[in-house]
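Chain and residue survey
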Amino acid sequence: MTLKSISVSLLCSLLLWADGCAGPVGGGLRMTDPVLQPHEDAAELEQLVRQAHDRVNAHRASLGVTQLRLDARISRVARRHSARMAQGAAFSHQGFKQRATAIGRFMPYRTVAENLAYNYGNADPAARAFNSWLNSPKHRQAMEDPHFTHTGLAVAKSPSGRFYFTQLFVLPR
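The sections below set out a description of the structure shown in this document. (Residues numbered from 1 in each chain as written. Predicted model: local features only at pLDDT ≥ 70, side-chain atom pairs only at ≥ 80, totals over all residues. Heavy atoms only, no water.)

**Description of the side chain of Thr151**
Among the secondary structure elements, Thr151 is positioned in strand β5 (residues 150–157). You can call Thr151 buried: its relative accessible area is 0%. (Helix = DSSP H or I, 4+ residues; strand = E, 2+ residues; numbered from the N terminus. Buried < 20%, exposed > 50% of the residue type's maximum accessible area, 1.4 Å probe, protein only.)

**A word on the packing of helix α3 (residues 72–86) against helix α4 (residues 96–104)**
Relative orientation of the contacting elements α3 and α4 amounts to 155°, with a least axis distance of 9 Å. Between α3 and α4, the angle is such that the two are roughly antiparallel. When the axes of α3 and α4 are compared, the crossing they make is right-handed. Every residue of α4 that contacts α3 at Ile74, Val77, Arg80, His81 and Arg84 is listed here: Arg99, Ala102 and Ile103. (Axes fitted to C-alpha atoms, helices over the stretch in contact; angles between N-to-C directions. Parallel < 35°, antiparallel > 145°, perpendicular 65-115°, else oblique. Left-handed = near helix turned anticlockwise from the far one by under 90°. Contact = heavy atoms within 4.5 Å.)

**What to know about the packing of aromatic side chains**
Counting across every chain of the model gives five aromatic pairs. Ring geometry for Trp133 versus Phe165: centroids 6.5 Å apart, planes at 90°, classification edge-to-face. Of this pair, Trp133 sits in helix α5 (residues 125–134) while Phe165 sits in strand β6 (residues 163–172); the two residues are 32 residues apart in sequence, bridging distant segments of the chain. Of the two residues, Trp133 and Phe165, both sit in the buried class. The interplanar angle of 40° and the centroid separation of 5.7 Å between the aromatic rings of Phe148 and Phe169 together place this pair among those described as tilted. On the criterion of sequence distance, the pair formed by Phe148 in the loop between α6 (137–144) and β5 and Phe169 in strand β6 is long-range, its members being 21 residues apart. Its relative accessible area of 0% is what places Phe169 among the buried residues. Taken together, the ring pairs in this structure connect Phe91, Tyr118 and Tyr164 into an aromatic cluster. (Phe/Tyr/Trp six-rings, centres within 6.5 Å; stacked < 30°, edge-to-face > 60°.)

Quick look at the structure:
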């Protein structure tokens, strides 16, 4: 590794930490890289995002609810959380307030909600995530809420093959 690549790596780590992509874990700092990892396939993850988004919107349409607009900026916030979980952080809503704050920096909002899912070994991970949300009253409520108009959705894959889904729902001001 050259001095230049070490410097770039350190700079990227500092930027991620400053952007809130690192936090205390087990007494130390755990760096999370939201960038595509070597074991991830961008096309596969994009396809899973599209499939999950399409399922959620089809479900909303069946209820006569307006479809959600997929926003790339919100999806970047979701990607950071999915990547964090795929890279070893706990599967949880911990840090939700910080994700909402991050969204508020570019999109003033009235309310934000979040759905998470993870699975592995399924032929259709997006369908599995969607069905888990559908079978959970609180997750289903977020999916079906007619007030939400925007969403961000991201998937990350762990080295062991688990897919971590984060969907954020937003009602802008």
